[in-house]
Amino acid sequence: YLERIDFKSNDIVLPFDGVGNAKKLISLQLSDTPVKSVDGISDAVGLIYLHLTDCNMTGDVPEELFDLPNLQGIFMNYNNFDGTLSTKIGKLAELRELYIFENELKGSIPTEIGMLTNIYILGLGENAMTGTLPTQLNLLTNMQILSLQQETGLSTSGLVSIDGELGVGLTGPLLSLDSMTSLRELYLGKNSFEGAIPDNFLFSVKNLTRTMKVDLTNNNLGGSIPSGLSRFDDLRLFVAGNRIEKVPDELCSKHKWMKGLMSSGCDALLCEPGSYGEYGRRTSNTDLCQPCPFNASTYFYGSESCVAEAGDDLDERSILFQLYHALSGNDWKKKDNWLEDNRPICTWHGVHCATEDDISGEETVVRLE
């Protein structure tokens, strides 16, 4: 009996007419093939694993998938889905793994996601989803990896850019996620979450000795990092680019955190106010947090750049320095000589410095293409 079909990376279009006749079919691997439609796939009622990664599919996530009651794994990363995630997702009661990473999905996360009580990997990161986190996420007690980050380019204004379209990403308060007892990786970076990190954040995670990864970078979270996180022996906590006002002393004594960098100081977690780092923290024993230049400062822990003090003027180099960080210069395709100490600003890519002979007088013009 036919149980598995694997046409991965072949230039073939598989029709689904009559797929129901393969009653023992449990795995269908069509990643990196020119699939345009899955019409008829709902007849494959015994299907357990469906691979449609990198197939250049567009539109909504096909509704027929939600009529496959035995699906445990859906793999649809790197497509061009640009609709919303249907509320019918809740029908997939057997689902364990859902990967729709790096598409262009819009709209909110449906509350029906809470019906997927068997799921342990939910990968919806790198999309254009908005709205708040549904409280039903707390029902997913088997979750191990939760990916909802917006790594497609958050500016300091809180806007996410996907193919030129702007959005704020996910908003509202951060959930405690304190029912996810098996969680080991959490990615929520570059959204617009605000308020304090809950005191009971991740409080029910049982395995406290294995490595725990948490990415909350570049949101609008404030207040203190919860002292309760000191429960974890080996935490990699990325929380720079927020509005953090306090790092409890007990966290600074967790020398195994951040791949052991905490043994040399708490700035491996976050740069202190008045200093900054490219990633808002010390990333090695040579890549240190730097004090802000004269006439500039930072007011929160984990700053990636400094801001001008009120009433003070910055020189041109400092202004360009601020511009680079404000516009996510690390992500620019062309940034030759930018921020190089031994390079005049006139040699920085896109910077034109007027000469004394220019009619316009002395000025610096920035043209970034």
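Above this text you will find the structure in question.
Read on for a plain summary of the structure. Just so it is clear, the model here is predicted, and its values are computed rather than measured. (Residues numbered from 1 in each chain as written. Predicted model: local features only at pLDDT ≥ 70, side-chain atom pairs only at ≥ 80, totals over all residues. Heavy atoms only, no water.)

1. Some details on the environment of Ile48
(1) Moving on: Locating Ile48 in the fold gives a position in the loop between strand E2 (27–29) and strand E3 (49–51).
(2) Moving on: Note on Ile48: relative accessible area 19%, which makes it buried.
(3) Moving on: Setting aside chain neighbours within four positions, we find Ile48 in contact with Ile26, Asn70, Leu71, Gln72 and Gly73. (Helix = DSSP H or I, 4+ residues; strand = E, 2+ residues; numbered from the N terminus. Buried < 20%, exposed > 50% of the residue type's maximum accessible area, 1.4 Å probe, protein only. Contact = heavy atoms within 4.5 Å.)

2. Focus: the nonpolar core
(1) Moving on: Counting 79 residues, the largest nonpolar core has Leu137, Leu202 and Ile225 as its most contacted members.
(2) Moving on: Among the nonpolar cores identified, the runner-up in size contains eight residues, and Tyr324, Trp332, Trp338 and Val351 belong to it. (Core = buried A, V, L, I, M, F, W, Y, C linked by side-chain atoms within 4.5 Å.)

3. Concerning the state of the cysteines
(1) Moving on: Evaluated as defined, the whole model comprises four disulfides.
(2) Moving on: Two residues, Cys292 and Cys306, share a disulfide whose sulfurs are 2.1 Å apart. Every disulfide takes its handedness from the sign of the S-S torsion; for Cys292 and Cys306 that torsion is -85°, giving left-handed. Of this pair, Cys292 sits in the loop between strand E21 (290–291) and strand E22 (296–297) while Cys306 sits in the loop between E22 and strand E23 (307–308), and the two are 14 residues apart along the sequence. (Disulfide = S-S within 2.5 Å.)

4. Thoughts on the side chain of Glu97
(1) Moving on: Within the secondary structure layout, Glu97 lies in strand E7 (residues 97–99).
(2) Moving on: Once you skip the residues sitting within four places of it in the chain, Glu97 turns out to touch Gln72, Gly73, Ile74, Phe75, Ile119, Tyr120 and Ile121.

5. Re the sheet that holds strand E10 (residues 145–147)
(1) Moving on: The parallel open sheet is built from 10 strands, whose spatial order is E1-E2-E3-E5-E7-E8-E10-E14-E16-E18. The outermost strands of the open sheet, each flanked by one partner alone, are strand E1 (4–6) and strand E18 (235–238). This sheet shows a mean twist of 5° between the axes of neighbouring strands, independent of strand direction.
(2) Moving on: Pairing analysis gives three bridges linking E2 to E3, with the strands arranged parallel. (Pairing = 2+ DSSP bridges. Axes fitted to C-alpha atoms, helices over the stretch in contact; angles between N-to-C directions.)

6. Looking at the pattern of salt bridges
(1) Moving on: If you walk through the whole model with that rule in mind, you get five salt bridges.
(2) Moving on: Where Asp67 meets Lys91, a salt bridge forms, and the shortest distance between an N and an O atom there is 2.7 Å. Of this pair, Asp67 sits in the loop between strand E4 (58–59) and strand E5 (73–75) while Lys91 sits in the loop between strand E6 (80–81) and E7, and the two are 24 residues apart along the sequence.
(3) Moving on: When its relative accessible area of 39% is taken as the criterion, Asp67 is described as partly exposed.
(4) Moving on: Since its relative accessible area comes to 46%, Lys91 is described here as partly exposed.
(5) Moving on: With a closest N to O distance of 3.6 Å, Arg184 and Glu185 form a salt bridge.
(6) Moving on: Residue Glu185 is classed as buried on the basis of its relative accessible area, which comes to 17%. (Salt bridge = Lys/Arg side-chain N within 4 Å of Asp/Glu carboxyl O.)

Purely geometric stuff here, so don't read any function into it on its own.
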